[in-house]
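Take a look at the letters that make up each chain.
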Amino acid sequence: MREVASKKLLMLTSDLLLKEFNAVMQRPKFKVDPVELDRNVRSLMKIVKMVDVVSKFDIAVVVRDFKDNVVLETAYDGKADFIVTGDADLLSLHSFRGINIVSVNQMLMYLEENSV
């Protein structure tokens, strides 16, 4: 997050991703206080770039969970270099239309190796 806040990296999101994030975080297993969630999302909004998602891929790229396509569409329309995720379905793709799909650990290693 420090790299994003210092503008060395640009984090992308979209309305669709934020809606999905809020829905997921309200699941009982996460036990997140709604007020704290709202505060964290507002803080995040200060350092991210919002992407208008216009792409819709006709076929389900991520077959098991079609909702993961919004991640790909946001990254594609935002001209992202990387998708950083813990989602096994997305990670199994390795890349999508020139966008590298990596785990958090892989991204941290990349940042360290490239002095970002």
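Residues numbered from 1 in each chain as written. Predicted model: local features only at pLDDT ≥ 70, side-chain atom pairs only at ≥ 80, totals over all residues. Heavy atoms only, no water.

K.L.:
Sorry, what's going on with the side chain of T13 here?
P.N.:
Structurally, T13 is set in strand β1 (residues 11-13). We classify T13 as buried; its relative accessible area is 9%. Those residues within four positions of T13 in sequence are excluded, and the remaining contacts are L18, V48, K49, M50, V51 and T74. (Helix = DSSP H or I, 4+ residues; strand = E, 2+ residues; numbered from the N terminus. Buried < 20%, exposed > 50% of the residue type's maximum accessible area, 1.4 Å probe, protein only. Contact = heavy atoms within 4.5 Å.)

K.L.:
I'm lost on the sheet that holds strand β4 (residues 95-96) in this one. Help?
P.N.:
The strands making up a sheet are joined through hydrogen bonds of the backbone, oriented either antiparallel or parallel. Reading across from one edge, β3-β5-β4 is the order of the three strands in this open sheet, with mixed pairing throughout. What marks the edges here is a single partner per strand, and that holds for β3 (82-84) and β4. Taken together, the three bridges between β3 and strand β5 (residues 99-102) define a ladder with parallel strand orientation. Residue pairing in the sheet places I83 in a bridge with I101 of β5. (Pairing = 2+ DSSP bridges.)

K.L.:
Got a minute to help me understand the nonpolar core in this structure?
P.N.:
Looking at soluble globular proteins, one finds that nonpolar side chains tend to be buried together. Within the largest apolar cluster, nine residues are counted, these being F57, L72, A75, A80, I83, L90, F96, I99 and I101. Broken down by secondary-structure element, the contributors of at least two residues to this core are α4 (69-77) and β5. Filtering out sequence-adjacent residues up to four positions away, I101 remains in contact with L72, I83, T85, L90, L91, L93, H94, S95, F96 and Q106. (Core = buried A, V, L, I, M, F, W, Y, C linked by side-chain atoms within 4.5 Å.)

K.L.:
What should I look at first to understand a nonpolar patch on the surface in this one?
P.N.:
A cluster of nonpolar residues, V84, V104 and L108, forms a patch on the protein surface that exposes about 260 Å² of accessible area. Within the element layout of this structure, V104 appears in helix α6 (residues 104-113). (Patch = residues over 30% accessible without salt bridge, like charges linked within 9 Å, V, L, I, M, F, W, Y side chains within 5 Å. Areas by Shrake-Rupley, 256 points an atom, 1.4 Å probe, with all protein chains shown as cover. Salt bridge = Lys/Arg side-chain N within 4 Å of Asp/Glu carboxyl O.)

K.L.:
It is not clear to me how unusual backbone geometry should be interpreted in this structure. Could you clarify?
P.N.:
With phi around 70 degrees, H94 is a residue other than glycine that occupies positive phi space. Structurally, the position occupied by H94 is in the loop between α5 (88-91) and β4. For R97, which is not glycine, the phi torsion reads 45 degrees and is therefore positive. Looking at the element boundaries, R97 is found in the loop between β4 and β5. According to the relative accessible area criterion, R97 is exposed, its value standing at 53%.

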